[in-house]
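# Per-entry structural report
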Amino acid sequence: MSGPDYDVIVVGGGIAGAALARALEDSGLRLALVEARALDTGGIDHVPTATGVGDFDPRVSAITPASQRLLESLGAWEALVASRICPYRSMAVWDADGTGHIDFQAAEVDAPHLGHIIENRLLAGALLAGLDRQSGITLISPARVADLDLAREGEVVVELEDGSALSAPLVVGADGALSRLRELAGFLTREWDYGHSALVTTVCTERPHEACAYQRFLATGPLAFLPLPDIDGRHYCSIVWSAETGRAEQLLALDDEAFRSELGAALEHRLGEVLDSSPRLSFPLRQRHATDYVKPGLALVGDAAHTIHPLAGQGINLGLQDVAALSDELLTAAGRGGSPGEIDVLLRYQRRRKGENLVMMAAMDGFKRLFGERRLPVRWLRNTGMHWVDRSGPLKQQLMRHAMGVR
Ligand SMILES: Cc1cc2nc3c(=O)[nH]c(=O)nc-3n(C[C@H](O)[C@H](O)[C@H](O)COP(=O)(O)OP(=O)(O)OC[C@H]3O[C@@H](n4cnc5c(N)ncnc54)[C@H](O)[C@@H]3O)c2cc1C
């Protein structure tokens, strides 16, 4: 009987899956990357200059310095810097329901910036660039995983919708929040509905953002203006407006002019009027955490393992740290001739990531509840607490370093 087709099959070519493929590309492991959409490996060198709000990907990520280091080590950062990413050097956070505010400045932690805002399309594109030319990687796309066969000893068989099958001692689910692999493999999850939807759009504002990310906590949910590069003297931001579902539906139903007017007012016109906006997209927000990330021959990374509220922009940052830990364990195992599917190898990955992910998820849940609270004593405490943290020096620096992924 012949052995498995590959050493590792990665299901999902989003940011997490593409990063894992990149991290394993020179390992000598035979790797297959299966993605439902048609993958573009042509790189991001030729991204046309944006001429208006519709040219930006409405999905962006605030990428921490820790994730930047990983992207550098994967050889994706240089292309990103040459495209259109925007560093942010400060962050203004304030409570709509009082006077509480915190201003974070990169200089307070001796850093040049707090992170970068990067369009998701560019992030995935930079990670996928040239992958099809790597001899150790087989790209299978567009192709969707339909089923799994776990009955064979030492290997997992992945069945695709077109009826073909491929096998490997390790299959990694990087197939996002609604992971089919997680479901087929019987991983349990703990999940709860935040009762929020996130509305995203790109806007052009009257005044420049000056490399500041703005976040205003409204009683119905947080509103973020994330800085994008200025182009031809026009000032752009990416918006993530998380709101209770009823409020999100109202915002989605407004005509463009009424929406821009509400949006400008919701930020207290800190960037003046909102002059233009791209079509709005809405995402229901659910917190989800797999109780285990691994089983023999199987592992979950990124949103397949955990999804959290976007209010602190940590989702894919956690996903990239999963990738760093899993690839490290797989490379160590390969170096001593071990199989990538060994449960001891996979458990080491799980031990390295689960605690940290849980802490971040608990913190996001706490923030969401704290800022959604309408009772007067809690609002008073919240505002007092924000003032105190803003002036607290070491505690504030510790919070900043934690959010940046540096210790
Ligand atoms: C509004 C909003 C704002 C956010 N802002 C931030 C932020 O600022 N910073 C941050 O760190 N995070 C942020 N996040 C979270 C971040 O977007 C996610 O964590 C990240 O996109 C997850 O990447 P992933 O690769 O794990 O999954 P995905 O991006 O979902 O990729 C999964 C891939 O798997 C493929 N796939 C699915 N099913 C199959 C199948 N059966 N067969 C084959 N392929 C399949 C899909 O086509 C897809 O390409 C935000 C999220 C939201 C909703």
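Just above, that's the structure.
Treat the numbers as computed from the prediction; the structure is a model and nothing was measured. (Residues numbered from 1 in each chain as written. Predicted model: local features only at pLDDT ≥ 70, side-chain atom pairs only at ≥ 80, totals over all residues.)

## Considerations on the sheet that holds strand S12 (residues 170-173)
Hydrogen bonds between backbone atoms are what pair the strands of a sheet, whose relative direction is either parallel or antiparallel. Inclusion rule: Think of it this way: DSSP has to see at least two bridges between two strands before they count as a pair. Helix and strand assignments follow DSSP, with helices taken as H or I runs no shorter than four residues and strands as E runs no shorter than two, numbered in order from the N terminus.
Spatially, the six strands line up as an open sheet ordered S8-S2-S1-S12-S20-S19, and their pairing is mixed. The open sheet has two edge strands, strand S8 (137-140) and strand S19 (294-295), and neither has a second partner. Bridge analysis of strand S1 (residues 8-11) against strand S2 (residues 31-34) gives four bridges, and the strand direction is parallel. Of the residues in S2, the one forming a bridge with isoleucine 9 is alanine 32.

## A short note on the pairing of S1
Applied cut-off: We call a residue exposed when 12 or fewer other C-beta atoms sit within 10 Å of its C-beta, buried when the count reaches 20 or more, and partly exposed for counts in between; the C-beta positions come from the backbone. A clockwise course of the path from the first strand over the helix to the second, judged with the strands pointing away from the viewer, identifies a crossover as right-handed.
The alternating pattern of S1 places Val8 and Val10 and Ile9 and Val11 on opposite faces, both of which are buried. As paired strands, S1 and S12 are joined by four bridges and run parallel to one another. Across the sheet, residue valine 10 finds its bridge partner in S12, namely valine 172. Following the chain from S1 across helix H1 (residues 15-23) to the adjacent parallel S2, one finds a crossover that is right-handed.

## Quick word on the nonpolar core
Put simply, the rule is: When buried Ala, Val, Leu, Ile, Met, Phe, Trp, Tyr and Cys residues are joined through C-beta atoms within 7 Å, the set is termed a nonpolar core. An automatic or database domain assignment supplies the start and end points of every domain. Whether two residues are in contact depends on their C-beta atoms, placed from the backbone: they are in contact if these lie within 7 Å.
Formed by 117 residues in total, the largest nonpolar core has its most connected members in Ile9, Leu20, Ala299 and Val301. Here this core gathers at least three residues from each of two domains, domain 1 (1-41 + 130-187 + 292-372) and domain 2 (55-123 + 195-286 + 374-407). Not counting residues within four places of it along the chain, the set of residues in contact with alanine 299 comprises Leu170, Val172, Tyr293, Val294, Leu326, Leu346 and Tyr349.

## Re the site of the ligand
Basically, it comes down to this: Residues are counted as near a molecule or strand when the C-beta atom, derived from backbone positions, lies within 6 Å of that molecule or strand. Three categories are distinguished: nonpolar for Ala, Val, Leu, Ile, Met, Phe, Trp, Tyr, Cys and Pro, charged for Asp, Glu, Lys and Arg, and polar for the others, with Gly belonging to the last.
In the vicinity of the ligand there are 33 residues, among which Gly14, Gly176, Gly302, Gly313 and Gly315 approach most closely. Among the secondary structure elements, those contributing two or more residues to the shell around the ligand are H1, strand S3 (60-63), strand S13 (189-205) and helix H8 (315-335). Top contributing element to the shell around the ligand by residue count: H8, with four residues. A per-class count over the shell around the ligand returns 15 nonpolar, twelve polar and six charged. Shared between two domains, the shell around the ligand takes at least three residues from each, and those domains are domain 1 (1-41 + 130-187 + 292-372) and domain 2 (55-123 + 195-286 + 374-407).

## Focus: unusual backbone geometry
The amide bond that connects serine 141 to the next residue, proline 142, takes the cis arrangement and shows omega of -5°. Looking at the element boundaries, proline 142 is found in the loop between S8 and strand S9 (145-149). Of note, the phi angle at glutamate 210 is positive, near 50°, even though the residue is not glycine. Topologically, glutamate 210 is positioned in the loop between S13 and strand S14 (212-218). Here alanine 211, not a glycine, exhibits a phi torsion of approximately 55°, which is positive.

## Side note on the packing of helix H2 (residues 65-73) against H8
Selection criterion: In this analysis an axis means a line fitted to C-alpha atoms, helices contributing only their contacting stretch, and an angle means the value between N-to-C directions, from 0 to 180 degrees. Oblique is the label for any angle not under 35 degrees, not over 145, and not in the 65 to 115 range, which are roughly parallel, roughly antiparallel and roughly perpendicular in turn. Throughout, a crossing is termed right-handed when the near helix is turned clockwise from the far one, and left-handed when it is turned anticlockwise from it by less than a right angle.
Contact pair H2 / H8: the axes reach a minimum separation of 9 Å and the direction vectors enclose 45°. Compared by their axis directions, H2 and H8 come out oblique. For the pair H2 and H8, the sense of crossing is left-handed. Residues Ala66, Ser67 and Leu70 of H2 form the contact with H8, whose participating residues are Asn317, Leu320, Gln321 and Ala324. Of the residues that constitute the contact of H2 with H8, the class distribution is four nonpolar, three polar and no charged.

## Comments concerning the sheet that holds strand S7 (residues 115-119)
Pairing within the open sheet is antiparallel, and its three strands lie in the order S3-S7-S4. The sheet terminates laterally at S3 and strand S4 (86-88), the two strands that pair on one side only. Sheet twist, expressed as the average angle between the axes of neighbouring strands with direction ignored, equals 25°. Pairing geometry for S3 and S7, over four bridges, is antiparallel. By the bridge assignment for S7, serine 61 is matched with isoleucine 118.

Taken by themselves, the reported measurements are silent on function.
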